[in-house]
Amino acid sequence: MLRHDWTTDEILEIMQMPFMDLIYKAQTIHRANFNANELHLSSLLSIKTGSCPEDCKYCPQSAHYQTNQPSEKLLDKNTILEKAKLAKDAGATTFCMGAAWRNPKDSDMPFLVDVIKMVKALGLNACMTLGMLTESQAKMLKEAGLDYYNHNIDTSEEFYDHIISTRTFNDRLETLKVLRKCGIKICTGGIMGMGETVRDRASFLKTLANLDPHPESVPINLLVKIPGTPLAEVNDLDILEFIRVIATARIIMPKSYIRLSAGRTKISREAQTLAIMAGSNSIFLGCKLLTTQNVDNNDDLKLIKDLGLITTIKDNAKTPMQEQNEILGKIHDNKASSNDHKCIKLNDLLKE
Ligand code: SAM
Ligand code: DTB
Ligand code: SF4
């Protein structure tokens, strides 16, 4: 039975049960609702990078902090289309486009509508994350064919003001309501390891699980510490605590996709395996997330293969390595990361 009346104490009790019991319960619930060997693959593209007016203390793209993230103008349609095609060739089924905006301007809407139509025409699920939306904007995105909208609550209601001051927790919930009203699937989650308490993590999960219906997609990010941001030096979260959040999310939102999102570079393949065992069933593929480095593709594919996971990676993908690198890592040509050369053609590894 899907519940929407959780208390923080009830969730705390689940999250703090003996670890083996927690994983067993999460895995049992996962198996009752999903194929436990299946992993969903998404691909991310930052369509407008940097100079964001919001002051989210974790974010490399906030204009409030001195990070190494250069500001870039909105990508053009052809570039986005090219990246979407490459994502499809790589085997992603969902293409998620992010913009460093507080909200889109009404004058941006025709462009966004065209982009959604282009991505949908490729047969991909389209997802966007553009900040707050008005109802008329959400309606336009829905009519264009948008499947998912990512809009994270990020942390607990109680801790929110420690992390962001330029908008409120309630602002976030309002946009989520607008999305529901317009029939767009909701992707909302948050970031662990920002200095929050265990109770904050339970309260964060309570807000998500008490949304009715549950969000279709729940990204759980581990903080990527960005030099120059106020959270650059925060203490590392114990990885078992992170796994506890994933397992608890699976238990209380049994039918939602739980996405093991940012921060995978910080955790071992064994910890990622544990996260998948605890019920996360989706990852972002590619050497780059929006602006930061992701797990190198070689390592992801080895893990997929070693665990015998079923993914949407296609057997006949013929993307040249050069192009593959582009979608998987060098979204911005001038910022190749040191591990770009390790991005390999997906199927080469799977066919071994
Ligand atoms: N500007 C839009 C917004 O905030 O809704 C969309 C883009 S924003 C970068 C998308 C999400 O990325 C944020 O909600 C946050 O949860 C996540 N994120 C940003 N920086 C991060 C970091 N350093 N570590 C982990 N997750 C991060
Ligand atoms: C989400 O919760 N995680 C993704 C997706 N939604 C858009 C983004 C992670 C961004 C990590 C920091 C960066 O690469 O800029
Ligand atoms: Fe802007 Fe989104 Fe980053 Fe906050 S998380 S600073 S809203 S890009």
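Here, every reference points to the structure presented above.
These lines cover the structure that appears in this document, whether it is placed above or below.

Quick notes on the rules
- Residues numbered from 1 in each chain as written.
- Chains lettered and ligands numbered in written order.
- Predicted model: local features only at pLDDT ≥ 70, side-chain atom pairs only at ≥ 80, totals over all residues.
- Helix = DSSP H or I, 4+ residues; strand = E, 2+ residues; numbered from the N terminus.
- Buried ≥ 20, exposed ≤ 12 C-beta atoms within 10 Å, placed from the backbone.
- Contact = placed C-beta atoms within 7 Å.
- Near = placed C-beta within 6 Å.
- Nonpolar A, V, L, I, M, F, W, Y, C, P; charged D, E, K, R; others polar.
- Core = buried A, V, L, I, M, F, W, Y, C linked by C-beta atoms within 7 Å.

As for the overall build of the chain
Scanning the chain for helices and strands turns up 13 helices and nine strands. Counting all 352 residues of the chain, 50% fall into the buried class. Summarising the internal contacts of the chain: among those between residues at least 6 apart in sequence, 80% fall at separations of at least 24.

Overview of the site of ligand 3
Taken together, Cys52, Glu54, Cys56, Cys59, Gln61, Ser62, Ala100 and Gly131 are the residues near ligand 3. Its residues assigned to classes, the shell around ligand 3 comprises four nonpolar, three polar and one charged.

Topic: the site of ligand 2
By nearness alone, 17 residues border ligand 2, and Pro219, Leu289, Leu290, Thr291 and Thr292 come closest of all. Where the shell around ligand 2 is concerned, the elements lending two or more residues are β2 (94-99) and β7 (217-222). Across the shell around ligand 2, the residue classes tally to eight nonpolar, nine polar and no charged.

A look at the nonpolar core
Within the largest apolar cluster, 95 residues are counted, with the highest numbers of intra-cluster contacts made by Phe95, Leu141, Tyr149, Leu205, Ile246 and Ala249. If you tally residues by element for this core, the top one is helix α9 (residues 239-252), at nine residues. Those residues within four positions of Tyr149 in sequence are excluded, and the remaining contacts are Cys127, Met128, Thr129, Leu179, Ile184, Ile186 and Cys187.

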